[in-house]
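# Remarks on the overall topology
Given next are the chains, with one letter for each unit.
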Amino acid sequence: VVQAPPPAPLPAPMAPMPSRVSFSAESLIGFDRSVVNPEGMAALDQFARALDGTTFDKVVLAGHTDRLGTTEYNRALSQQRAEAVKNHLVSRGRLDPLKITASGKGESMPSTRPEDCVGTRASAQLIACLGPDRRVDVEVVGTR
């Protein structure tokens, strides 16, 4: 009598994989603004199309500002930026609003180092140097 080998175990379900992307606030919104501009809308639409076929567990949006302005102003502006991105993605019918969270981080998580962008007055040079700090980070957790 020949015994059949035991069945192979079923593969474990794949854990949701996070994917992160960062959008420059200037390309989406503009300096000291919170309304998504036409170029930003096109970039967000392209991003959403790239996610077609993904089952989302959650989408986390985090708005950021540079250090210019007061802490309170920057926190509010960063929140408005994250909400503007959320509203655009939802309005296009691409993402479920119940799975998206938007928060403002203000100036608390800069990409630049203080020694790279010296100064406190809003000069054109300092604004340009601090550009990487003004962004909206998007983290998508889902499966394809």
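Residues numbered from 1 in each chain as written. Predicted model: local features only at pLDDT ≥ 70, side-chain atom pairs only at ≥ 80, totals over all residues. Heavy atoms only, no water.

Parts of the prediction with low pLDDT should not have their coordinates interpreted in detail. Here the chain shows a mean pLDDT of 86. Residues at 70 or above account for 86%. Averaged pLDDT values over the elements of the chain bottom out at 73 in strand β1 (residues 17–24) and peak at 96 in strand β3 (residues 100–104). (pLDDT = per-residue confidence, 0-100. Helix = DSSP H or I, 4+ residues; strand = E, 2+ residues; numbered from the N terminus.)

Time to look at the nonpolar core. One finds Leu 28, Leu 44, Val 59, Leu 61, Val 85, Val 138 and Val 140 to be the most contacted residues of the largest nonpolar core, which totals 21 residues. Mapped onto this core, the elements with two or more residues apiece are α2 (38–50), β2 (55–64), α3 (71–91), β3 and β4 (135–143). Sort the elements by how many residues they give to this core and α3 lands first, with four residues. Not counting residues up to four positions away in its chain, the partners in contact with Leu 61 are Ala 82, Val 85, Lys 86, Ile 100, Thr 101, Ala 102, Ser 103, Asp 137 and Val 138. By size, the runner-up hydrophobic cluster in this structure holds five residues, among which are Leu 68, Cys 117, Ile 127 and Leu 130. (Core = buried A, V, L, I, M, F, W, Y, C linked by side-chain atoms within 4.5 Å. Buried < 20%, exposed > 50% of the residue type's maximum accessible area, 1.4 Å probe, protein only. Contact = heavy atoms within 4.5 Å.)

For the structure on display, the rule yields one disulfide. Disulfide partner of Cys 117: Cys 129, at an S-S distance of 2.0 Å. The sign of the -80 degrees torsion about the S-S bond sets the Cys 117-Cys 129 disulfide as left-handed. Taken together, the positions of Cys 117 in the loop between β3 and α4 (124–129) and Cys 129 in helix α4 put the pair 12 residues apart, joining distant regions of the chain. What makes Cys 117 buried here is its relative accessible area of 2%. Take Cys 129: its relative accessible area is 25%, and that puts it in the partly exposed class. (Disulfide = S-S within 2.5 Å.)

The terminal C-alpha atoms of α2, which comprises 13 residues, lie 19 Å apart, in line with the 18 Å expected from a rise of 1.5 Å per residue. Every buried residue belonging to α2 is among Gly 40, Leu 44, Asp 45, Phe 47 and Ala 48, and all of these are buried. Down the axis of α2, the smallest arc covering the buried residues is 160 degrees, so these residues share one side. Along α2, exposed side chains directed more than 90 degrees from the buried face belong to Pro 38, Glu 39 and Gln 46. Where α2 starts, the residue carrying a side-chain oxygen 3.2 Å from the main-chain nitrogen of Glu 39 turns out to be Asn 37. (Expected span 1.5 Å × (residues − 1). Arc of directions from axis to C-beta. Polar contact = N/O pair within 3.5 Å; in protein donor to acceptor, adjacent residues only side chain to side chain.)

Moving on, we come to the pairing of β2. Where β2 lies against β4, nine bridges are found, and the strand directions are antiparallel. Considered in β4, the bridge of Lys 58 is made with Val 141. Of the strand pairs in this sheet, β2 and β3 are connected by five bridges, and their pairing is parallel. Within β3, the position partnered with Val 59 by the bridge is Ile 100. (Pairing = 2+ DSSP bridges.)

What follows deals with unusual backbone geometry. One non-glycine residue, Asp 32, lies in positive phi territory at about 60 degrees. Here Asp 32 lies in the loop between α1 (25–28) and α2.

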